[in-house]
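# Remarks on the overall topology
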Amino acid sequence: MKRFLPYLRYLRGHRTYLVLALICGAISGLVFGGGLPWVTRKVFPYIFTAGPRTLPAAAVVGYSLLLPLIFFIRALTGFLNNYLMSRCGIGVLEAIRVELYRKLQHLPLSYFGKNRTGDLLSRLTADTQVVQQTITSSASDMVIQPLTLVGAIIFLIFTALRYDGVLMFLGSLAIIPVCVLPVRYVGKKLLRRADENQRLLGDISDLASQNLQAAREVRAFGLEEQEVSTFQRTTRRLFQVQMKVVKYSQILSPSIEVIASLGIAFSLYYAYYAGISLAVFMSILTALFACYEPIKKLGALHGQFTRGTASLNRIEEVLREPISITDPAQPVALPARLRGDLAFHGVDFSYLPGEPVLRGVSVAIPAGTVCALVGPSGAGKTTFANLVPRFYEATAGRVTVDGHDVRALRLADLRSRIAIVSQDPVLFNDTIYQNLLLGRPAATRAEVLAAAVDAHADDFIRTLPNGYDTMVGERGSLLSGGQKQRLALARAFLRNAPILILDEATSALDSQSEQLIQEALRKLVVGKTVLIIAHRFSTIRDASLILVFDQGRIVATGDHAALYASNHLYQSLYDRQHGAA
Ligand SMILES: Nc1ncnc2c1ncn2[C@@H]1O[C@H](COP(=O)(O)OP(=O)(O)OP(=O)(O)O)[C@@H](O)[C@H]1O
Ligand SMILES: [Mg+2]
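Residues numbered from 1 in each chain as written. Chains lettered and ligands numbered in written order. Predicted model: local features only at pLDDT ≥ 70, side-chain atom pairs only at ≥ 80, totals over all residues.

### Focus on the overall build of the protein chain
Rules: Helix and strand assignments come from DSSP, with helices taken as H or I runs of at least 4 residues and strands as E runs of at least 2, each series counted from the N terminus. Our radius of gyration looks at C-alpha atoms and nothing else; its globule reference is 2.2 Å times the residue count to the power 0.38. The burial criterion counts other C-beta atoms lying within 10 Å of a residue's C-beta, which is placed from the backbone; the residue is buried at 20 or more, exposed at 12 or fewer, and partly exposed between these limits. Each residue gets a C-beta atom placed from its backbone, and two residues are in contact if those atoms lie within 7 Å.
Counting its regular elements, the protein chain contains 20 helices and ten strands. In summary, the protein chain has a C-alpha radius of gyration of 36 Å against a globular reference of 25 Å for 581 residues, an excess of more than 25%. With the C-alpha coordinates aligned to their principal axes, the bounding extent of the protein chain is approximately 120 × 55 × 50 Å. Within the protein chain, buried positions represent 35% of all 581 residues. Counting contacts in the protein chain only where the partners sit at least 6 residues apart, residues at least 24 apart contribute 83% of the total.

Following this line, the structure appears as structure tokens:
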């Protein structure tokens, strides 16, 4: 319960509703807890009298209607309380959901290496759902039930004082603390299970998302049954944990009922010897019922809150994660046109502590240089390129752009001056036009078309059934590899950024596609500082500067002729590619 308090700040916009809800809840609770026993005591003596029936018919009707009146007031205010509280609760949750999503947009890329997508997805959907259930189901009970209890206790106190039933009152009430014991015991058990439950849901979501992304590989390697049995093992574990959650959350109400009935037994015993009238006894019984009902409900509520807490913890884990890569407090203002000088000064980097991937990397890449990165697989080429847009942060040393440390620049300023064409370009499930527009959202239609022409993409786009308005499918799945790459190049043309990072596709394209892309590339790199992770000797030869990477270090720099003559690693890499071609 306490855990939910910090989130009350989200209620700011809902204050009026909250106040109305509380007033309605108070009326509902008090009317039922105090009003119902009172009506019982008032009306019963008139109705169940031993003497002759002397009451006028109107009075009998009036007395009989008191009961429905109370239930009507309770129903109306109860509904309003529930409705308004839920409105506030769901509103708060909407805010939390959006905050969580916003957080996911800003967390550094390293976070997604450490956390599984499916699990994060499950926090965003399943866990927020549980918290929402907690809020809506508790919304109705949180105010009404305690106040019903208060109303009933007030009635019992008055009755006890008036009818000398103090002992009976105390005796019956003594049961209440006893009722709290199972609530506490079960709550502890429940928290562990609820947490495990949500973690397993995360696992399942993760399994499923990985499986769905690898639909082709599953069929190619004949993994269908193996995948199903892995999934089944996890769902079986979930079944067991869920049954425990059901057991612990459902065992509360019945146990409280049994304990409470002991209180009633005690009142019966006492009433017999104290000679209490049926009307008074009935009213006390109603009041006791009005006491135990809230306790039972509050017990269930406790269970719900426990489950909600487990989910809230998982949501907060993400919300509390520090964003390590952020804008500096006082960013350096960049001029509209950047020169594009790049430099690395003694840069170390590791993805995992103790496993350096780049060591002491120092190099200056003057503006306008086409710089090729070559080296064996895993040497650190992609990692090197990732440090420029600050996707990751150097563990030591500095990366500078036009002499400014990248950490001194606003992230948006830095990244808007870099165009990236990755090995496996990702497109959003939208039209081709919209995907191209991402390169520069302010571009006109004519500029978008011109970029597509430059990237040799225009021809194939026009043959598609809806031309530029064709949907590309999830991640661009409706297009071929070569087509996706040309769209990615068109985006880079449109962006026209002074710094260009190209991770050449390793997959072989047909020679015509290949040629079109090479032509587009040659045009694209003009006048830009280019980092190109080159897998083809044709691109490498055109570069004015070549950096040879090996095991996280730059082991040689120079142009093709010089390196080929002097560097053994470069020579063998080049010869191998040449041979392959
Ligand atoms: N997200 C990551 N988390 C942990 N380790 C990583 C991550 N990405 C890369 N590595 C490791 O860092 C090292 C360098 O990887 P990098 O991707 O920079 O190599 P590369 O030179 O681009 O190779 P390739 O030519 O195969 O693309 C490798 O040993 C790799 O295992
Ligand atoms: Mg790479």
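Don't stop here, the text continues.
### Some points on the pairing of strand β7 (residues 499-503)
This is how the line gets drawn: Paired strands, in this sense, are two strands between which DSSP finds at least two bridges.
Among the five residues that make up β7, five are buried, leaving the element largely enclosed by the rest of the structure. Here β7 shows a buried face lined by Ile-499, Ile-501 and Asp-503 and a second buried face lined by Leu-500 and Leu-502. One ladder, built from four bridges, connects strand β6 (residues 418-421) with β7; its direction is parallel. Looking across to β7, one finds that Ala-419 is bridged to Leu-500. For β7 and strand β8 (residues 529-533), the ladder comprises five bridges, and the chain directions are parallel. Along β8, the bridge assignment pairs Leu-500 with Val-530.

### Overview of the site of ligand 1
Heads up, the rule is: Nearness is defined per residue: the C-beta atom, placed using the backbone, must lie within 6 Å of the molecule or strand. For this scheme, ten residues count as nonpolar: Ala, Val, Leu, Ile, Met, Phe, Trp, Tyr, Cys and Pro. Four count as charged, namely Asp, Glu, Lys and Arg, and the remainder, Gly too, count as polar.
Within the structure, ligand 1 sits among Gly-113, Tyr-351, Leu-352, Val-357, Gly-375, Ser-377, Gly-378, Ala-379, Gly-380, Lys-381, Thr-382 and Thr-383. At the level of elements, β1 (342-352) and α11 (381-386) are the ones that each hand at least two residues to the shell around ligand 1. Taken together, the residues of the shell around ligand 1 break down into four nonpolar, seven polar and one charged.

### Some points on helix α10 (residues 278-320)
Here is the rule we go by: To estimate the expected span of a helix, subtract one from its residue number and multiply by 1.5 Å.
The end-to-end C-alpha distance of α10, which contains 43 residues, comes to 60 Å, matching closely the 63 Å that a straight helix rising 1.5 Å per residue would cover. Counting buried positions over the 43 residues of α10 gives 31, a clear majority of the element.

### Some thoughts on the packing of helix α2 (residues 57-106) against helix α4 (residues 117-163)
The packing of two helices is summarised by the inter-axis angle and the distance between the axes. Convention followed: Axes, fitted as lines to C-alpha atoms, cover a helix only where it is in contact. Angles between the N-to-C directions of the axes lie from 0 to 180 degrees. Working rule for angles: under 35 degrees goes down as roughly parallel, over 145 as roughly antiparallel, 65 to 115 as roughly perpendicular, anything else as oblique. Note: crossing handedness is left-handed where the near helix turns anticlockwise from the far helix by less than a right angle, and right-handed where it turns clockwise.
For the pair α2 and α4, the least separation of the axes is 8 Å and the interaxial angle reads 155°. Accordingly, the angle class assigned to the pair α2 and α4 is roughly antiparallel. α4 is crossed by α2, and the crossing has right-handed handedness. Grouping the constituent residues of the contact of α2 with α4 by class yields 15 nonpolar, nine polar and one charged.

In short, the description is geometric, and any link to function would need to be established separately.
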